[in-house]
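Listed here are the chains, written in short residue letters.
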Amino acid sequence: MNAHAKISALIPADLPEPSFEDLAHLPGMQPARVPIMRTINFLKDPLGRSMKLTEQYGRVVRRQDFGGWGVSLIGPEANELVMFNKDKIFSSSLGWNPVLENLFPNGLMLLDFEEHRIHRKTLSIAFKTEPMKHYLGELNTGIVRGLAKWPTTQFKFYPAIKSLTLDLAAASFLGVPWGPDGDKINQAFVDMVLASVSVIRKPLPLTQMRRGIKGRAFMSDFFGREIPKRRGKTGDDIFTQICNATTEDGGLLTDQEIIDHMNFLMMAAHDTTTSSITSTVHFLGTHPEWQDRIREEIMAVKAKTGGELTYETLGDLETIELVFKEAIRLIPPVPSMPRRALREFTFMNHVIPAGTHVGINPMVTHRLPDVWPQPEKFDPTRFTAENSKGRHKYAWVPFGGGGHMCLGLHFAYMQVKSFFFHLLAENRIVLAPEYKGEFYMFPIPKPKDGLPLTIEKL
Ligand code: HEM
């Protein structure tokens, strides 16, 4: 496989960039006098603004965000059309590249169609049962060690979990503790992630993008030096698995491909897991009765296994799964997903031209009242088998769907279960009385105040 991408043969070279006039027949925004103000206002309240647009215009909305024109498609049917992508109309590569290409070029999510399929199949080896069992062991050990270091008085949860998930990644992704280079790797990685969501997209001096690009160079160098040590070796960490993964034609990935995949994987895993654990903790704090129900299941697992969380007992922790699903319904870690239409298509009787930037929006779909009665209410029982009957398959899409559905989904569930298993067995999460947490909902949700709380020993 060629190291550098590689626009899929299905992507026309002369794809137009639709203007307001090209989209004028669609419901939605009029051109703003000062477009940057529109972006600023959107960033102030992404959820409120997006909900309002849907109430005002419906499920196909012409939008002017971040300077350009595009279309938001809302609802389960839209999600299915775009994510399932039966007719290969939508390019993920052309959707995500403007956001991520500088820092995470050729990451799996930035590939399309056949090329994507081949790489996805190759990487899947790292998420099979045997390596997953090993990761669980690493997660259990790392979480117990990490929790022991947390204060017994009030502290900000968000920075603490962010640092813990990064430590956990060292063991399960790289198979080593961060070591002497640890702080530098940590910083390089944090810089890359921050740059990927920074407003200034050019690597000008003193910008986050410049720091991110430097971080990428550092990480690429780190992975590049490590690859020869991993090839031909056995190892249960994701990196070693990928260094030895074979493609359909029996070959190994090139060094550059491994570097690109590792950089992307760590980014895809880190902030999303941090965000989702944080929102779950937030809702468990505001609804403590769910902590007790989860604890009962934890105790049952402990009684069964002699105290451990084993791979085989993950399925017994059903309640944490319900709570987690409800938390990421309300606060999806990836609130919207970009694509670009390669051909003209029709949705809900609206003809949408080739080249259009198309956004699908879990943040809004997850709050549609016809799909989710009393959408603002935190109610994990929505996800019991009984209550899920008849719900559209694409109504709940925090992990996406179709060909690009999150490859780390089971890893994420496992990490979340391991975290709460160890946290709640002997502790409870306590928020200040009357605490009302608020989240920045975009680009990756996080609490505005860092989520101050106390972990109280029972
Ligand atoms: C709660 C945690 C997570 C959430 C909510 C999440 C969400 C998502 C979403 C929405 C996508 C699809 C984006 C699109 O279609 O445009 C995605 C893709 C992906 N995620 Fe995750 N993710 C999470 C954790 C992880 C973890 C832990 C890993 C790795 C261990 C991971 C690896 C990936 C990869 C490789 C892709 C690209 C898949 C492809 O394009 O085929 N994610 N994730």
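- As recorded in an unreviewed UniProt entry, the protein goes by Cytochrome P450 and comes from Sandarakinorhabdus glacialis.
- Taken directly from UniProt, the Cofactor (unreviewed entry) text for the protein runs: "heme".

**Comments concerning the pairing of strand S8 (residues 357–360)**
Two faces, one strand: in a regular strand the side chains alternate between the faces of the sheet.
And step 1. Side chains His-357 and Gly-359 of S8 all project onto a buried face; the interleaved residues Val-358 and Ile-360 project onto the opposite face, where all are buried too.
And step 2. Inspection of the sheet shows strand S2 (residues 68–73) paired to S8 by four bridges, in the parallel sense. Across the sheet, Ser-72 pairs through a bridge with Gly-359, a residue of S8.
And step 3. Where strand S5 (residues 337–341) meets S8, four bridges bridge the pair, whose relative direction is antiparallel.

**Regarding the site of the ligand**
And step 1. As a structural note, the neighbourhood of the ligand is formed by 22 residues, with Ala-269, Thr-272, Gly-400, Cys-406 and Gly-408 the closest of them.
And step 2. Contributions of two or more residues to the shell around the ligand are made by helix H11 (255–286) and helix H16 (409–424).
And step 3. Take the shell around the ligand: its biggest share by element is six residues, from H11.

**Describing helix H5 (residues 113–124)**
And step 1. Between its terminal C-alpha atoms H5 stretches 16 Å, which fits the 16 Å expected from twelve residues at 1.5 Å a residue.
And step 2. Here H5 has its buried residues at His-119, Thr-122 and Leu-123. The buried residues of H5 occupy an angular sector of 95° when projected down its axis, which confines them to one face. For H5, the exposed residues set more than 90 degrees away from the buried face come down to Glu-114, Lys-121 and Ser-124.

What counts as what
- Residues numbered from 1 in each chain as written.
- Predicted model: local features only at pLDDT ≥ 70, side-chain atom pairs only at ≥ 80, totals over all residues.
- UniProt positions renumbered as here; feature names shortened; annotations may be inferred.
- Buried ≥ 20, exposed ≤ 12 C-beta atoms within 10 Å, placed from the backbone.
- Helix = DSSP H or I, 4+ residues; strand = E, 2+ residues; numbered from the N terminus.
- Pairing = 2+ DSSP bridges.
- Near = placed C-beta within 6 Å.
- Expected span 1.5 Å × (residues − 1).
- Arc of directions from axis to C-beta.

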